[in-house]
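Each chain, written out:
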Amino acid sequence: MGLVLTACGGGQDAAGKLLADTAVPALSDTTVTETPVTETAASITTADDFTLYVSPSTFLSAESQARFALDVDERIAEEEQTEPDSIEVTISAADAIDLRALYCELRYDPEQYSPAGVEHLDWVDGDTDPAAGGDMLTLEVTSEPGVVHLGQVLANWDERAGLSGGAELARVRFVREPCAVADLARSASSALTSDAVRPELVVDISNEQFRWDYNYPGDYDQNGLVGVSDLTPLGAHLGEHGEDAIWEWDAEERRYISLGPGFAAGSPGAVIDVNRDSWITVSDITAIGMHFSEGVTSFNLYQSLYPDLDMPISSGGANLVESVGSFAYRDALKTVDPRHFFLSAPLIELHSGMGYWLRPVFNGQEGTPSNFARYYSLAQTGIALDVQPDTYLEGAALGGARVDVTYGADGLMADVYLTGAENLRYFAGELHYSSSLFALDYGLTTNGELHRPPAFSGSYGGLPHSAETIPFYSSLKPAYSGEGYLARLVFKQQPDTSCITPHLPSQFLHANLLCPWFTGGTVKKLRWYYQNTGDTNQDGGVWVDDFIAIERFFNSYVPYHDSWDDEPWIYVESIESVADVNNNGLVTVNDVTELGMNLGSTITGYYIYMGDDPAAEPGPEPIGYVSFTEAIGDPFGERLRFEFQVANPVEGQQLWVRPELNGEIGALYEDFAVLIDD
């Protein structure tokens, strides 16, 4: 017995054109009902508990339309049986115009039926076996109880005419027994913990944005969910070969190496060629089946001053810090090609030196963390480009050159771009950068041979400390005209704070500047102001998070710096003076240099002494101790201070303090101390 019921594959306007974004009544007496199935626009329902949902993605051209039908045929294998042995459901199209694909869901009652096989019928001329490189790509997923997912698309459909008229499209056989297949629903965390879906985060310092590409194997149409409609871009690009060079960073060699031909980043081929063999073939269907019904709904953003400590240890591990923001996949920004996306968002509450990372989210569960990338203000990086006269040899002209600065998995990247070049045969430039933060790692160009710059000189305690200039020279063959990418110079963070051991400050600053030695009299308290050059957030140590205060007060003048005789203590006590690391009265990028010199300098407390000569060795026993936790004042609004009650002061004796770190005693500390009466 066969039952047939038909319905539109989409809505119709007054002219009869099928629309792919609305659900409308069927052409028969049956009404199409709304459905929560993703991308579904129309349904066909039979009397025997079989329902067909057709996705609007089926209609690949503006003219495409069709009416679909289900033919349910109950078969009895042996005459003495009273119940049918199996049921065949045939999906067919009628009155089709330019039909090039079918993406649908065949719903059934899993308590009564179980799928036993799928046959994709020959409704186009040619070999329909995709394994043989035929004319049609097909996909079926039967592992979800109650649903058979079907996908069919013509190979290279964008270059061919589709079906016009009628044809049987597919046949699904069921047996009359409860469905015993495993549920398709998978653990979202296990799906997202693969390295294949790890986001690669880049902080665009030049434009103050986050940037990362969306990458999920099998999601070829880039809609955030792997499904049968992902056959569409695969079919359109079937047989294409990638001929662009693929470059990969070799951590051991410390340079980029070529992996041979491939698809250019951002192209449809780069999205579809998941096995990275530089060909789009039927083998790329595998990723759709492996990741069917998986995807990404959003990304969570995290920040920490110490991401190497606060990021989850394992790909599915728990978070150690709270998320600072979430970005929905639907807010993705498309590139020029509609099949490739990148996601971009403005930075949230920028903090200089802060590390950021992402985790993809699907069904409320998080997956593999991205790399972490730090943010620095463009001024702090010190990166600037000067074009040298040799660039203009042989009558060449150059409208200009710019540097785009980003921080990603490889470190800080300075990309040099040319604008308005005419007959350019050489490029000579000097790139400036702050060596207190970064050290040159590697340079690369696609337009010519980049001459590696000489090693930089100058160091303090093994760390670069002065502003550096990298001269580089590129020979362009053939001569270059137009606008384009020239070179990338990669910097690693310098110094690596994870390798720095906390140590006591060693500076001597302006001895006796404000505190004459005690020469007698009644003294109730000794007061001194905190001074650890570079500890701008006044937490006891000089680390990367101290860049924040420099950013906060960048280009600010220190109040009363030029009025020592009138208001000397206002300068000493002001919060701006803390950020003015080099003590010149103005907070600039130059303050970062001395901060880098003192990285790791740490204080946990102070010992107080009284005696004849602070410089004598061995000195007297301390008369007291003050912990750093006893500091007085607001570290974000004023310079911290310490006080110590002096008992039984001796006339003619001197008072002094020395910093301490876990039992180790530092150098004489003379700055910003004063004797006061209660």
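Residues numbered from 1 in each chain as written. Predicted model: local features only at pLDDT ≥ 70, side-chain atom pairs only at ≥ 80, totals over all residues. Heavy atoms only, no water.

**Some details on the overall build of the chain**
So, step 1. The secondary structure content of the chain amounts to 10 helices and 36 strands.
So, step 2. The buried share of the chain, reckoned over its 678 residues, is 50%.
So, step 3. Taking as baseline every contact in the chain between residues at least 6 positions apart, the subset at least 24 positions apart corresponds to 70%.
So, step 4. For the chain, the computed accessible surface area is about 30,200 Å², with 48% contributed by carbon and sulfur atoms. (Helix = DSSP H or I, 4+ residues; strand = E, 2+ residues; numbered from the N terminus. Buried < 20%, exposed > 50% of the residue type's maximum accessible area, 1.4 Å probe, protein only. Contact = heavy atoms within 4.5 Å. Areas by Shrake-Rupley, 256 points an atom, 1.4 Å probe, with all protein chains shown as cover.)

**Brief notes about the environment of Leu 398**
So, step 1. Among the secondary structure elements, Leu 398 is positioned in strand E25 (residues 397-408).
So, step 2. Of the residues examined, Leu 398 reaches a relative accessible area of 11% and is grouped as buried.
So, step 3. For the pair Leu 398 and Asn 423, spaced 25 residues apart in sequence, the C-alpha to C-alpha distance is 8.8 Å.
So, step 4. Sequence-distant contacts of Leu 398, that is, excluding residues within four places in its chain, are made with Val 387, Thr 391, Tyr 392, Leu 418, Thr 419, Gly 420, Ala 421, Leu 424 and Phe 427.

**A look at unusual backbone geometry**
So, step 1. Positive phi, normally seen in glycine, also occurs at Asp 98, with a value near 50°.
So, step 2. As for its position among the elements, Asp 98 is in strand E7 (residues 86-99).
So, step 3. Positive phi values are uncommon outside glycine, yet Arg 276 reaches one of about 55°.

**Remarks on the pattern of salt bridges**
So, step 1. As enumerated under the stated definition, the model contains 13 salt bridges in all.
So, step 2. A salt bridge links Asp 95 to Arg 67; its shortest N-O distance comes to 2.6 Å. You can see Asp 95 sitting in strand E7 and its partner Arg 67 sitting in strand E6 (residues 65-75), a full 28 residues away along the chain.
So, step 3. The class for Arg 67 is partly exposed, based on a relative accessible area of 30%.
So, step 4. The partner of Glu 394 in a salt bridge is Arg 425, and the shortest N-O contact between them spans 3.2 Å. Of the two residues, Glu 394 sits in the loop between strand E24 (384-387) and E25 while Arg 425 sits in strand E26 (residues 411-433), which places them 31 residues apart along the sequence.
So, step 5. Salt bridges sharing common partners tie together Glu 88, Glu 119, Glu 168 and Arg 171. (Salt bridge = Lys/Arg side-chain N within 4 Å of Asp/Glu carboxyl O.)

**Comments concerning the packing of aromatic side chains**
So, step 1. Per the counting criterion, the structure on display carries 21 aromatic pairs.
So, step 2. A ring pair is formed by Tyr 302 and Trp 357, whose centres lie 5.9 Å apart and whose planes are at 15°; its orientation type is stacked. With a gap of 55 residues between them, Tyr 302 in strand E17 (residues 298-304) and Trp 357 in strand E21 (residues 355-362) connect regions that are remote in the sequence. Residues Tyr 302 and Trp 357 agree in their burial class; the two are buried.
So, step 3. For the pair Tyr 607 and Tyr 625, a centre-to-centre distance of 4.8 Å together with 55° between the ring planes defines the contact as tilted. Remark: Tyr 625 occurs in strand E32 (residues 624-627) and Tyr 607 occurs in strand E31 (residues 605-611); sequence separation between them is 18 residues.
So, step 4. A relative accessible area of 23% places Tyr 607 in the partly exposed class.
So, step 5. With a relative accessible area of 34%, Tyr 625 lands in the partly exposed category.
So, step 6. The residue whose ring lies beneath Arg 402 is Tyr 417, and the NZ or CZ to ring-centre distance is 4.4 Å. (Phe/Tyr/Trp six-rings, centres within 6.5 Å; stacked < 30°, edge-to-face > 60°. Lys NZ or Arg CZ within 6 Å of the ring centre and 35° of its normal.)

**Here's the deal with the pairing of strand E20 (residues 341-346)**
So, step 1. Examined bridge by bridge, strand E14 (residues 209-213) and E20 share five bridges and lie antiparallel to one another. Bridged to Phe 210 within E20 is Ala 345.
So, step 2. In this sheet, E20 lies alongside strand E19 (residues 333-334) in antiparallel orientation, the contact comprising two bridges. Each residue of the ladder has a partner; that of Leu 333, found in E20, is Phe 342. (Pairing = 2+ DSSP bridges.)

**Structural notes on the confidence of the model for the chain**
Reading predicted coordinates in detail is not appropriate for stretches of low pLDDT.
So, step 1. With 74% of its residues at a pLDDT of 70 or more, the chain shows a mean pLDDT of 75.
So, step 2. Confidence drops under a pLDDT of 50 for residues 183-189, and excluding neighbours within four residues, the segment shows 19 contacts in the predicted structure.
So, step 3. Low pLDDT (under 50) marks residues 508-520, which in the prediction has 35 contacts with non-local residues, meaning those over four places away or in another chain. (pLDDT = per-residue confidence, 0-100.)

**Quick notes on the pairing of strand E8 (residues 101-107)**
A regular strand places its side chains so that they alternate between the two faces of the sheet.
So, step 1. Among the seven residues in E8, six count as buried, and that is most of the element.
So, step 2. Bridging between strand E5 (residues 51-54) and E8 involves four bridges; their strand directions are antiparallel. When the bridges of E8 are listed, Thr 51 appears paired with Arg 107.
So, step 3. When E8 meets strand E11 (residues 147-154), the two strands line up antiparallel, connected through seven bridges. When the bridges of E11 are listed, Ala 101 appears paired with Val 153.

**Some points on the side chain of Ser 377**
So, step 1. Tracing the backbone through its elements, the reader meets Ser 377 in the loop between strand E23 (373-374) and helix H6 (378-381).
So, step 2. Classification of Ser 377 by relative accessible area gives buried; the value is 8%.

**What about the sheet that holds E32?**
So, step 1. Reading across the sheet, the four strands line up as E32-E31-E34-E35 and stay open at both edges, with antiparallel pairing between neighbours. A single partner strand is all that each edge strand has here, and the edge strands are E32 and strand E35 (664-665).
So, step 2. Here two bridges tie strand E34 (residues 654-661) to E35, and the two strands are oriented antiparallel to one another. Bridge assignment links Leu 661 to a residue of E35, and that residue is Glu 664.

**Some remarks on helix H10 (residues 590-597)**
So, step 1. Restricting attention to buried positions, one finds in H10 the residues Asp 591, Val 592, Leu 595 and Gly 596. When H10 is viewed along its axis, its buried side chains cluster within an angular range of 140° and face the same direction. (Arc of directions from axis to C-beta.)

**Examining the environment of Gln 209**
So, step 1. Here Gln 209 is to be found in strand E14.
So, step 2. A sequence separation of 141 residues divides Gln 209 from Leu 350, and the C-alpha atoms of the two residues are 10.0 Å apart.
So, step 3. For Gln 209, the residues in contact, after removing those within four places along its chain, are Val 202, Val 203, Asp 204, Ser 344, Ala 345 and Leu 347.

**Thoughts on the side chain of Thr 536**
So, step 1. As for its placement among the helices and strands, Thr 536 is situated in the loop between strand E30 (525-529) and helix H7 (547-552).
So, step 2. Owing to a relative accessible area of 3%, Thr 536 belongs among the buried residues under this scheme.
So, step 3. For Thr 536, the contacting residues outside a window of four places in its chain are Asp 546, Ala 549, Ile 550, Val 578, Ala 579 and Val 581.

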